[in-house]
Amino acid sequence: MSAMKLTLHIWRQRHANDTGTFETHVVDANEHMSFLEMLDVLNQTLIEQKKEPVAFEHDCREGICGACSMVINGRPHGPLGGTTACQLHMRHFQNGDHIWVEPFRAKAFPVIRDLVVDRGSFDRIIQAGGFVSVNTGAAVDGNTIPIEKDLASQSMDAAACIGCGACVAACPNGSAMLFTAAKASHLGLLPQGEVENARRVQAMVHQHDKEGFGRCSNTYACEAECPKEISVSNIARLNRWYLKSSLTSNV
Amino acid sequence: MSLTGIFLILFLIVHMSGNLQLLADDGGRSFNIYAAFMSENPFIRVISIGLYASILLHAIQGIALALANRKAKGGKYAHGKVAGATWASKNMALLGILIFAFLCLHMADFWVKMRFTDTLTMVTYAGHDEAVQDIYSRVNVAFQELWLVAVYLIGVTALCIHLVHGFQSAFQTLGLTHKKYTPLINALGWIYSIAICAGFAIMPLYHYFPPSYPPTTNSASM
Ligand code: HEM
Ligand code: SF4
Ligand code: FES
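The rules we used
Residues numbered from 1 in each chain as written. Chains lettered and ligands numbered in written order. Predicted model: local features only at pLDDT ≥ 70, side-chain atom pairs only at ≥ 80, totals over all residues. Heavy atoms only, no water. Helix = DSSP H or I, 4+ residues; strand = E, 2+ residues; numbered from the N terminus. Buried < 20%, exposed > 50% of the residue type's maximum accessible area, 1.4 Å probe, protein only. Domains from an automatic or database assignment. Buried area = accessible area lost by both parts, 1.4 Å probe. Salt bridge = Lys/Arg side-chain N within 4 Å of Asp/Glu carboxyl O. Polar contact = N/O pair within 3.5 Å; in protein donor to acceptor, adjacent residues only side chain to side chain. Nonpolar A, V, L, I, M, F, W, Y, C, P; charged D, E, K, R; others polar. Near = heavy atom within 4 Å. Contact = heavy atoms within 4.5 Å.

Chemist: Would you mind going over the environment of Val101 of chain A with me for this structure?
Modeler: Residue and element names in this part refer to chain A. With respect to the helices, strands and loops of the structure, Val101 is situated in strand 5 (residues 98–102). Since its relative accessible area comes to 0%, Val101 is described here as buried. Sequence separation between Val101 and Ser34 is 67 residues, and the spatial gap between their C-alpha atoms is 14 Å.

Chemist: In this structure, what is going on with the domain arrangement of chain A? I would like to understand it.
Modeler: All names here are of chain A. Taken domain by domain, chain A holds domain 1 (3–112) and domain 2 (119–248). Just the C-alpha atoms count here: the centres of domain 1 and domain 2 sit 29 Å apart. Approximately 1400 Å² of surface area, both sides summed, lies buried where domain 1 meets domain 2, with 59% of it carried by carbon and sulfur atoms. For domain 1, the biggest contributors to the area lost against domain 2 are Pro76, Ala108 and Phe109; these three give 36% of the whole. In this structure, the connection of domain 1 to domain 2 is made through 2 salt bridges. Between Glu225 and Arg75 there is a salt bridge, with the nearest N and O atoms lying 2.9 Å from each other. At the junction of domain 1 with domain 2, the criterion picks out 5 residue pairs in polar contact (both at pLDDT 80 or more). Residues belonging to the side of domain 1 that touches domain 2 are distributed by class as follows: 8 nonpolar, 8 polar and 4 charged.

Chemist: Just to check I follow, could you spell out the site of ligand 1 for this structure?
Modeler: Taken together, 24 residues form the shell around ligand 1, and within it Ser217 of chain A together with Leu12, His58, His162 and Ser169 of chain B come nearest. Ser2 of chain B places a polar main-chain atom, nitrogen or oxygen, 3.3 Å from an oxygen atom of ligand 1. In this structure, His58 of chain B approaches ligand 1 through a side-chain N or O atom, which is 2.7 Å from a nitrogen atom. Those elements giving two or more residues to the shell around ligand 1 turn out to be helix 1 (2–19), helix 3 (42–72), helix 5 (92–116) and helix 7 (146–173) of chain B. The element best represented in the shell around ligand 1 is helix 7 of chain B, accounting for 7 residues. Per-class residue counts for the shell around ligand 1 are 12 nonpolar, 12 polar and no charged.

Chemist: What's the story with the interface of chain A and chain B in this structure? I'm lost.
Modeler: Many descriptions give the size of an interface as the accessible area lost when the pieces come together. Facing the 37 residues of chain A at the interface are 28 residues of chain B. In total, about 2400 Å² of surface goes out of reach between chain A and chain B, with carbon and sulfur atoms giving 53% of it. The three residues of chain A that bury the most area against chain B are Arg105, Asn218 and Tyr220 of chain A, which together make up 19% of that side's buried surface. For the pair chain A and chain B, the number of links is 0 salt bridges. For the interface between chain A and chain B, the tally reads 20 residue pairs in polar contact (both at pLDDT 80 or more). Mapped onto the side of chain A that touches chain B, the elements with two or more residues apiece are strand 4 (75–76), strand 5, helix 4 (166–170), helix 8 (221–225) and helix 9 (233–248) of chain A.

Next comes the structure, spelled out in structure tokens:
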């Protein structure tokens, strides 16, 4: 187990209206730690020194919840493609490295404290239309509704989105189109969700714009930085559905 | 944005192929007759008005989009660079402003002179009844200036970079993507951008560095 000494330049901001600044700390880590475990070590030291630990979000620590939002060396969730910060291991860094850690930056993701941003705007996009209105009750029998395999796969790929917000953090326009498109595709591709497609698509896109996210200009930074490798073909699908529902539906 | 962009893309095909007549070795005959046709034909006049409107709409929407998006972005990262986005995709508005500035100069030089002044000499050609303005000579004289040739090359390069991103972007915006034909669109975008801009670049270069014979200007009849 080889030990590493790292210099962290880490963003400290006490509250939303604080200007914030980088703070430098040297951390003793090893290559088997995840990035968050390395931050735990830093926080333990800070606590022992009676200093305020660095606030960062985390939950599952296995790459499925989307909580661990942070930008590492200018890249949302760090330098490794298809990986969340919690699944990024220190073996991808070198002993002696300087690492810059800062919060996601987007107008619609205001910083709450240190590395923690408020991603409530995502919740409100989902509340606007990211659901299927069905009565709850006993689960329907499997295979009652036949679903073509290719559609099921495309929907499943879109459903891999964990709502982490890296797409927004990466986007030079602060747009959340990849997230919105993934959620709309996941539901709208399946027969159960297709019924409400026009209303859903209109509502989600309008909420997206209302939250202050930017307009997609197809830079494709989102796809490159998405830890779940969600494809921008979902955005094209959302554009298609949006255009169609604008022209042909009553909503 | 995408619709006006596609209209401009189609316009450039016509504009570039028509203007290739500047390379004809006939002292400007075919180009001048073509230019007269383009400025007089009522159908072309209607299309032109659509074109001016499209350029303005496209430019205004583009700038508004870029300004709004700049606000939506919370700020830059202190260190390092996000993956994926090409330089062109992040600088569409800057490239657009360069193209627009170039267009103003370009139109003041030729279009205004042809349409709104009578500074151009009239020429008549055998087999063509009416006298036409000798815009060919104006172009030829203009392209003797090295600085203007340089400005054209810069303008055309900016256009090429704008189109490399813009061509495929227009299809993505309209939702016209599919794994079967998107690779073809991307390839076509590159071929189109390079061909259009190479075509436009040849014109000033050809007049600045004429081939062995001197370009004949002002030949009254042929
Ligand atoms: C008059 C000056 C021009 C300005 C200010 C301008 C500006 C812009 C801007 C800001 C964008 C949006 C960038 C983005 O969505 O990422 C854009 C997109 C585009 N531009 Fe231009 N442009 C100009 C001229 C042209 C010309 C002459 C053409 C074509 C020959 C063109 C074709 C396109 C295309 C196809 C798009 C993509 C549209 C889309 O993705 O929806 N532009 N332009
Ligand atoms: S699309 Fe990708 S980057 Fe965006 S929220 Fe979903 S998982 Fe995260
Ligand atoms: S903590 Fe759940 S994805 Fe990283």
